[in-house]
Structures are given as C-alpha cells and as structure tokens.
Amino acid sequence: MFNQNNPIGATAVSMYLYLLKTGYETDSYDFKISDIMVGNELKITRKTVKIVKLKLKDSGLIDFSTKNGTACIYKLLLNYPTEAIQYKQNKVMSIEDGECIIDDHRLRYKEIPTLSEFLTYVRTLKPYQSQIETKVIIKYNHWLQNNWCSDNTNRPINNWKATIKSILPYLKDMDGTNEMVLSDIPKINRP
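Residues numbered from 1 in each chain as written. Predicted model: local features only at pLDDT ≥ 70, side-chain atom pairs only at ≥ 80, totals over all residues. Heavy atoms only, no water.

**Student:** I would appreciate a short explanation of helix α6 (residues 133-145) in the present structure.
**Tutor:** An α-helix turns once every 3.6 residues. As a result, residues three or four positions apart point the same way. The end-to-end C-alpha distance of α6 is 18 Å, a good match for the 18 Å that 13 residues give at a rise of 1.5 Å each. Those residues of α6 that sit buried are Lys 135, Val 136, Lys 139, Tyr 140 and Trp 143. Seen along its axis, α6 keeps its buried residues to an arc of 140°; they face one direction. Opposite the packed face of α6, turned more than 90 degrees from it, sit the exposed residues Thr 134, Ile 138 and Gln 145. Just beyond α6, the residue with positive phi is Asn 147, at close to 60°. (Helix = DSSP H or I, 4+ residues; strand = E, 2+ residues; numbered from the N terminus. Expected span 1.5 Å × (residues − 1). Buried < 20%, exposed > 50% of the residue type's maximum accessible area, 1.4 Å probe, protein only. Arc of directions from axis to C-beta.)

**Student:** Any chance you could explain the nonpolar core here in plain terms?
**Tutor:** Within soluble globular proteins, side chains that are nonpolar tend to cluster in buried spots. One finds Met 15, Leu 19, Leu 56, Ile 62 and Tyr 74 to be the most contacted residues of the largest nonpolar core, which totals 18 residues. Looking at this core, the elements with two or more residues in it are α2 (10-26), β1 (30-33), α4 (46-58), β2 (62-65) and β3 (72-76). Counting residues per element, this core draws most heavily on α2, at five residues. If we ignore the near neighbours within four places in the chain, the residues touching Tyr 74 are Met 15, Leu 19, Tyr 29, Asp 30, Phe 31, Ile 33, Asp 35, Val 49, Lys 53, Ile 62, Asp 63 and Phe 64. Among the nonpolar cores identified, the runner-up in size contains 17 residues, and Tyr 121, Tyr 128, Ile 164 and Leu 168 belong to it. (Core = buried A, V, L, I, M, F, W, Y, C linked by side-chain atoms within 4.5 Å. Contact = heavy atoms within 4.5 Å.)

**Student:** Can you walk me through the pattern of salt bridges in this structure?
**Tutor:** Should their charged atoms come close, side chains of opposite charge can pair. Applying the stated rule across the entire model yields four salt bridges. Here Lys 53 makes a salt bridge to Asp 35, at a shortest N to O gap of 2.9 Å. With Lys 53 in helix α4 and Asp 35 in helix α3 (residues 35-42), this residue pair connects regions lying 18 residues apart in the sequence. In this structure, Lys 53 and Asp 35 share a single accessibility class: buried. The salt bridge partner of Lys 57 is Asp 63, with a shortest N-O separation of 3.5 Å. (Salt bridge = Lys/Arg side-chain N within 4 Å of Asp/Glu carboxyl O.)

**Student:** What is the right way to look at the pairing of β3 in this model?
**Tutor:** Successive residues of a regular strand alternate their side chains across the two faces of the sheet. Side-chain alternation along β3 places Cys 72, Tyr 74 and Leu 76 on a buried face and Ile 73 and Lys 75 on a face that remains uncovered. Two elements, β1 and β3, share four bridges in a ladder whose sense is antiparallel. In the strand pairing of β3, Phe 31 is matched with Tyr 74. Note: β2 against β3, four bridges, orientation antiparallel. Bridge pairing in β3 places Phe 64 opposite Tyr 74. (Pairing = 2+ DSSP bridges.)

**Student:** What is the right way to look at the packing of aromatic side chains in this model?
**Tutor:** Pairs of aromatic rings are described using the distance from one ring centre to the other and the angle between the two planes. Within the structure shown, the criterion is met by eight aromatic pairs. Between Phe 64 and Tyr 74, the ring centres sit 6.3 Å apart and the planes meet at 45°, which makes this aromatic pair tilted. Placement of the pair is Phe 64 in strand β2 and Tyr 74 in strand β3, with a sequence separation of ten residues. Taking 6.0 Å as the distance between ring centres and 85° as the angle between the ring planes, the aromatic pair formed by Phe 118 and Trp 143 counts as edge-to-face. Within this pair, whereas Phe 118 is found in helix α5 (residues 115-123), its partner Trp 143 is found in helix α6, the two being separated by 25 residues in sequence. For Phe 118, a relative accessible area of 0% translates into the label buried. (Phe/Tyr/Trp six-rings, centres within 6.5 Å; stacked < 30°, edge-to-face > 60°.)

Spelled out as structure tokens, the structure:
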C-alpha cells in the first residue's frame, strides 16, 4: 500500500526490506551496518546505497546517522506517513545570500564577484587577450542570468576562478583568428 501511494522504486524497496530483516535479526529497531555491507548484500554500489537511504529517510521510513570511519546507525521508524509524498526534481531553485538552494539542500560557494573584480582576475590570466574581453563580459552576464550556474550542466559554479580559467582558451578560439590554414598542415610522405 505504501509503495502504491509513494512510489520509491525497486531498489529502495529491496533496501528497506533488507533493513527490516537486519532489524529482525538484531531484535532491535536501532542497529549499525556499513554501507559497503548493504551494497554487497544487495549488489548495488555504495553511491546508490547513499541515495536510496536518503530517499527512505525523506519518505519517513527510516532515520540514520553517519560518522566518518564508522558504520551507519539506522533506526526503523514505525510511524511512517501513509499519504503521498511529493518529490521534487533535482534542479536549482534560487540563490540567496551566497547560497544556491537545490531542493532544500544548500550548496555554499564563494560570493559572486562584481564585473570589475571578474575582469581584473581574467586580465591576469596567461591566455587573455584584449580582443576577447567582450566575450568574457557576455559569459559573466550569462552566468548571472543562469543563477551563477554553468551553461551545460546547470550546476552551481563553486570556484569561478578555476571555471573561467578553464574556458578562457575556448573563448579565445571562438574568435576565429586561430583557424587552421591549409598551408599549416604538413605534407606526410609515405616511406
């Protein structure tokens, strides 16, 4: 009945049943078990175990606490909700006070620089040329309009200095001045 109202997926169901079995064997609603052991038993990766246990926690079926280097402490909850739970898609919602909010999870990053601070840094980089300054300004404005997220992945830009440094050569090549000329291609003679 619960999975009909709240479809959490086959992996989450199998993990919940495994946790129920483990709780039954230990005769307790609270028990310790490592993510690696759960993954090995269910034949899923550790990353999947982490995602599924967060989904089970959000559904109100379990609670858990983790510390680095120790096994996860699970608690099976008896008073789980029976009505439908709304799941949100994982996308950027808004930016508030230097934080990017993704489904109520906050990712912190350095404050968004001003345009003058941005340009001052870009001018210190080796591949910078004055001809591409307008492209750099366009890129800065595009990131601002995109909630300071990257163009392709819509992920928040955590380190803007490293990001602009890595894309600066591509902005330079978009200029059209670095096109290959047929005379630049060497002629290769067969032996």
